[in-house]
Amino acid sequence: MCCRGLFNCCWQLCVSVICAGLFVLLYWAIFQPHHIRATVASAALSNLTVVSNEVSYSLAVSLSLYNPSVRVNIYYDTIGAELRFRDAVLGPAATGASPSEFYQRRKTSDDVKLDFDYARSSVAVGSDVAGELEKEMRSGSPLSLELDVELRVRYVFRIFKLRQKPRIWCSLSIPVKAEGRGPGVGGAVAPGDRCRVKY
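About the thresholds
- Residues numbered from 1 in each chain as written.
- Predicted model: local features only at pLDDT ≥ 70, side-chain atom pairs only at ≥ 80, totals over all residues.
- Heavy atoms only, no water.
- UniProt positions renumbered as here; feature names shortened; annotations may be inferred.
- Core = buried A, V, L, I, M, F, W, Y, C linked by side-chain atoms within 4.5 Å.
- Buried < 20%, exposed > 50% of the residue type's maximum accessible area, 1.4 Å probe, protein only.
- Helix = DSSP H or I, 4+ residues; strand = E, 2+ residues; numbered from the N terminus.
- Contact = heavy atoms within 4.5 Å.
- Pairing = 2+ DSSP bridges.
- pLDDT = per-residue confidence, 0-100.
- Polar contact = N/O pair within 3.5 Å; in protein donor to acceptor, adjacent residues only side chain to side chain.
- Expected span 1.5 Å × (residues − 1).
- Phe/Tyr/Trp six-rings, centres within 6.5 Å; stacked < 30°, edge-to-face > 60°.

The protein chain has the name Late embryogenesis abundant protein LEA-2 subgroup domain-containing protein in an unreviewed UniProt entry, where Urochloa decumbens is given as its organism. Listed in UniProt under the heading Subcellular location (unreviewed entry), the comment for the protein chain reads: "Membrane".

This part takes up the nonpolar core. The biggest cluster of nonpolar side chains holds 51 residues, and the ones touching the most others in it are Tyr57, Leu59, Leu63, Leu65, Leu114, Phe116 and Val149. The element contributing the most residues to this core is strand β8 (residues 143-157), with 8 residues. Excluding anything up to four places from it in sequence, Leu59 contacts Ala43, Ala44, Leu45, Leu83, Leu114, Asp115, Phe116, Leu172 and Ile174.

The next thing to look at is the pairing of strand β2 (residues 54-67). Here β2 lies mainly inside the structure; 11 of its 14 residues are buried. Pairing analysis gives 12 bridges linking strand β1 (residues 37-51) to β2, with the strands arranged antiparallel. Each bridged residue has a counterpart across the sheet, and for Thr39 the counterpart in β2 is Ser64. With antiparallel pairing between neighbouring strands as the criterion, β1 and β2 make up a hairpin whose turn holds 2 residues, including Ser52 at a positive phi of roughly 60 degrees. As judged from the 13 bridges shared by β2 and strand β7 (residues 108-124), these two strands associate in the antiparallel manner. Its bridge partner being in β7, Val55 is matched across the sheet by Val123.

Another aspect to go through is the environment of Ala124. Turning to its location among the elements, Ala124 is positioned in strand β7. Considering only alpha carbons, one finds Ala124 and Leu90, 34 residues apart in sequence, at a separation of 8.0 Å.

Further remarks concern the confidence of the model for the protein chain. Low pLDDT means the predicted atomic positions in that stretch should not be read closely. Mean pLDDT over the protein chain: 88, with 88% of residues reaching 70 or higher. By mean pLDDT, the top-scoring element of the protein chain is strand β6 (residues 102-104) (97), and the lowest-scoring one is helix α1 (residues 2-31) (66).

Along the polypeptide, Glu179 turns up in the loop between β11 (177-178) and β12 (185-189). For Glu179, a relative accessible area of 33% gives the class partly exposed. Glu179 sits 131 residues away from Leu48 along the chain, and the two C-alpha atoms are 9.3 Å apart. Aside from chain neighbours lying at most four places away, what touches Glu179 is Leu45, Ser46, Asn47, Gly184, Val185 and Gly186. Among the polar contacts made by the side chain of Glu179, one reaches the main-chain amide nitrogen of Asn47 at a distance of 2.7 Å.

Attention now goes to helix α2 (residues 127-138). Under the 1.5 Å per step criterion, the end-to-end length of α2 is 17 Å for 12 residues, consistent within 8% with the ideal 16 Å. Where α2 terminates, the next one or two residues include Gly140, which has phi positive at roughly 90 degrees.

All chains considered together, the criterion is met by 4 aromatic pairs. The interplanar angle of 35 degrees and the centroid separation of 5.5 Å between the aromatic rings of Tyr57 and Tyr118 together place this pair among those described as tilted. Of this pair, Tyr57 sits in strand β2 while Tyr118 sits in strand β7, and the two are 61 residues apart along the sequence. Taking the centre distance of 4.4 Å and the plane angle of 15 degrees together, the rings of Tyr76 and Phe102 count as stacked. A residue pair is termed long-range when its members are at least 10 positions apart, and Tyr76 in strand β3 (residues 73-85) and Phe102 in strand β6 qualify at 26 residues. Given the relative accessible area of 1%, Tyr76 is considered buried.

Dropping the structure here:
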C-alpha cells in the first residue's frame, strides 16, 4: 500500500510537470512576447547646482518605448522613475510620467515624458556624493547620470494576459556648461543608445 501510494504521487507529479511544460510551450507558440526596447529620445538638464550637501536641478527626459512583439499588445499600468548619480538617488520623477498609463499596440513606439523638477526643492545627498558631483561638473567632461525606470505591464493576446515588472536602466552622458552668471550648469543630449531592460 505504501509503495502504491508513493507510485501514485510520483505519477501525478510527472503528469503535472509534463502538463506545465506543454502549457509553457503552447503559451510561447501563441504569445511570442518580446522584451520592450527603450531608448532616450532626448534629455535636457538645467540649473544643476550643489550647495553643501544639497543638489538642485531640473531634468526633462523623453523616453521612447517600443513593443517589438508581432502578436502581443501591452498595457502600461504604472511607470516610476528615479535619477541616480553613482548609485545615489537624486530624486524620483517629480511629476510622475506623462502619460502615466497607456495602451501600446504591437510593433509600435510611444514616448513617455519624465520631469525631475528640483529647482526649488533641493535633494539631500551624502558629502562624498556632493563632492564627486561637483568634481564631475567642473571637469569639462560629460556628466554621467543614470535613469532607473520601473514598469508594471500586462502583455495581452486575446483572452491571454501576462503581468510583468520590467526594469529599465538608461545611461545619460550630458555635456554641461555654465548657465548665465549663476553657479548652475546645464546641457542636453540627442537621441542616445538603447537602454538596458531586465525582466
